[in-house]
Amino acid sequence: MFRNQYDTDVTTWSPAGRLFQVEYAMEAVKQGSAAIGLRSKTHVVLACVNKSNSELSSHQRKIFKVDDHIGVAIAGLTADGRVLSRYMRSECINYGYTYESPLPVGRLVVQLADKAQVCTQRSWKRPYGVGLLVAGLDESGAHLYYNCPSGNYFEYQAFAIGSRSQAAKTYLERKFENFTGSSRDELIKDALFAIRETLQGEKLTSTVCTVAVVGVGEAFNILDQATVQALINEFEISGEEGPTNESVAEEAGGESGGAATEEGGAATEQETAPMDI
Amino acid sequence: MPKEQANWSPYDNNGGTCVAIAGADYCVIAADTRMSTGYSILTRDYSKICKLADKSVMASSGFQADVKALQKVLASRHLIYQHQHNKQMSCPAMAQLLSNTLYYKRFFPYYAFNVLGGLDSEGKGCVFTYDAVGSYERVGYSAQGSGATLITPFLDNQLKSPSPLLLPAKDAVTPLSETEAIDLVKTCFSSATERDIYTGDKVEIVVLNADGIRREYEELRRD
């Protein structure tokens, strides 16, 4: 992708049938720090990398509780993410008020997608620059969805977004078939391994990552630092290796911004640009 | 031809009585469980008490449809507060919210007579009493509803501190223990049940203290 005469406005099509502003918005997601999600039959885990700008500042929150049964992890423009989380919370509260029951995750995700679509068809708006991993539980089971700035959404068994997410995706691709039967703790462990992949050799500690869980009998909650550190210590000390090292080296090129790398990815996911689905 | 008068009212009174007493480190909130309309009983087992937050419990008598709507609005507002502040609302904060919510409908009021009880930010018991449009005051004890006129003079006699103008000088009332307060509440309801037709069946007593929240029931006359 490069600057061209069709990319000034979101309401201008390119001759090839693309909306560049929307694609640029999806680039913004790729530039954000990584967020991953995975689900089993009964639980969904969200984890994200929390890098702060400097040692003096605190890190931005990237995981938000939307309701007892729904949580969201974001990557990209966190301000846009915060605003969308507020919208999601409000929708859940209003639905609960009217129907006295929790908002089904699939419904919320569609509303979110429709809201994002509006911004791709108004000349005075811009697309939201944030990708959302929506994790939730409802009557039909555990769900993990990914909402794009384009207004598309997909359901996943496991997914990763943000910078160097390809490394995490590769790890998840190898393991996803076992996730359905995983226990809550195994799922969290896999999430931490996936996060470690995106750190590309940096030490994984609970200060750089955040983990949240929602499951049957467990309301959405963000695990506190001490718990996360204890889990990390458990598998680091035991010297467990998540993935094998060769794949780590291969993916080092992974998610550098700029070039529209059409990484096809695995069976469970589709790449972002163009938006033809 | 005399002018036709409107004969439909949006309100109904479902009767019942609510009481709350604040202690040094506890709060007792009680309400009977009878729901009536006119001279008929709709049910003998309806709760007028609603937990709004960890440390705030509201009891409301009046038109129960409006009470239900009010409880739902407050619950939603509390959820929003929790998302924004990452903590539960304190009882004084909830008291102000309830007042604002009631006044919001100043020109089509919630027909609800409320009593809000809980623990304040210092852990001391607090009771707030309201009228239908949100005028409120923090007090040591209060009664609302059909039996309020029977109960309030009794509570005044038992709990009100003697006037400092009185001679010979009297001590301020000794602080009530939790069990004494619960006993007092049971006495209030038994007496009110005798003379108020809208009060009876059962009294639901909710006690809030540092250990948490608990609920008990006491049978009352069913006539």
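Data block above holds the structure.
Note that the structure is predicted; figures quoted are calculated from it, not measured.

A. Examining the packing of helix H3 (residues 148-159) of chain B against helix H4 (residues 178-195) of chain B more closely. Residues and elements named next belong to chain B. Put simply, H3 and H4 touch, their axes get as near as 9 Å, and they point 145° apart. Viewed along their axes, H3 and H4 form a crossing whose handedness is right-handed. The residues of H4 that touch H3, namely those facing Leu150, Ile151, Phe154, Leu155, Gln158 and Leu159, are Leu184, Thr187, Cys188, Ala192 and Arg195. Of the residues in the contact of H3 with H4, the class split is eight nonpolar, two polar and one charged.

B. The arrangement of the interface of chain A and chain B in detail. Facing the seven residues of chain A at the interface are seven residues of chain B. Here chain A and chain B share an interface that buries about 720 Å² over both sides, 59% of which is from carbon and sulfur atoms. Its largest share of buried area at the contact with chain B, chain A owes to Arg89(A), Ile93(A) and Tyr97(A), together 70% of the area lost on that side. Here chain A and chain B share one salt bridge between them. Residues Lys72(B) and Glu100(A) are paired through a salt bridge, measuring 3.0 Å at the closest nitrogen-oxygen approach.

C. Region of the structure containing the environment of Cys126(B). Residue and element names in this part refer to chain B. If you trace the backbone, Cys126 turns up in strand S8 (residues 125-130). In sequence terms Cys126 and Ala24 are 102 residues apart; their C-alpha atoms lie 8.8 Å from each other. Cys126 has contacts with Ala22, Cys27, Cys91, Leu116, Gly117, Gly118, Leu119, Asp120 and Arg138, leaving out every residue within four places of it along the chain.

D. Seen up close, the side chain of Thr210(A). Residues and elements named next belong to chain A. Relative to the helices and strands, Thr210 is located in strand S9 (residues 209-215). Judged by its relative accessible area of 17%, Thr210 is buried. In terms of polar contacts, Thr210 uses its side chain to reach the side chain of Asn50, at 3.2 Å.

E. Here's a closer look at the nonpolar core. Residue and element names in this part refer to chain A. Counting residues in hydrophobic clusters, the biggest one holds 31 residues, and the most contacted among them are Leu192 and Leu204. Of all the elements in the fold, those that place two or more residues in this core are strand S1 (35-39), strand S2 (43-49), strand S8 (158-161), helix H4 (165-175), helix H5 (184-199), S9 and helix H6 (225-237). Broken down by element, this core gets its largest block of residues, eight residues, from H5. Apart from residues lying up to four places away in sequence, Leu192 is in contact with Leu204, Cys209, Val211, Val228, Leu231, Ile232 and Phe235. Core analysis: the second largest hydrophobic core is formed by 26 residues, Ile63, Cys148, Tyr156 and Ala212 among them.

F. Broad picture of the sheet that holds strand S10 (residues 141-145) of chain B. Residue and element names in this part refer to chain B. Overall, antiparallel pairing links the five strands, which are arranged S10-S1-S2-S11-S12 in an open sheet. Two strands close off the open sheet at either side, each with one partner strand: S10 and strand S12 (212-219). Sheet twist, expressed as the average angle between the axes of neighbouring strands with direction ignored, equals 15°. In the sheet, strand S2 (residues 26-32) pairs with strand S11 (residues 202-209) via seven bridges, with the strands oriented antiparallel. Looking at S11, one finds that Asp32 is bridged to Val203.

Reading the values: the criteria
- Residues numbered from 1 in each chain as written.
- Chains lettered and ligands numbered in written order.
- Predicted model: local features only at pLDDT ≥ 70, side-chain atom pairs only at ≥ 80, totals over all residues.
- Heavy atoms only, no water.
- Axes fitted to C-alpha atoms, helices over the stretch in contact; angles between N-to-C directions.
- Helix = DSSP H or I, 4+ residues; strand = E, 2+ residues; numbered from the N terminus.
- Left-handed = near helix turned anticlockwise from the far one by under 90°.
- Contact = heavy atoms within 4.5 Å.
- Nonpolar A, V, L, I, M, F, W, Y, C, P; charged D, E, K, R; others polar.
- Buried area = accessible area lost by both parts, 1.4 Å probe.
- Salt bridge = Lys/Arg side-chain N within 4 Å of Asp/Glu carboxyl O.
- Buried < 20%, exposed > 50% of the residue type's maximum accessible area, 1.4 Å probe, protein only.
- Polar contact = N/O pair within 3.5 Å; in protein donor to acceptor, adjacent residues only side chain to side chain.
- Core = buried A, V, L, I, M, F, W, Y, C linked by side-chain atoms within 4.5 Å.
- Pairing = 2+ DSSP bridges.

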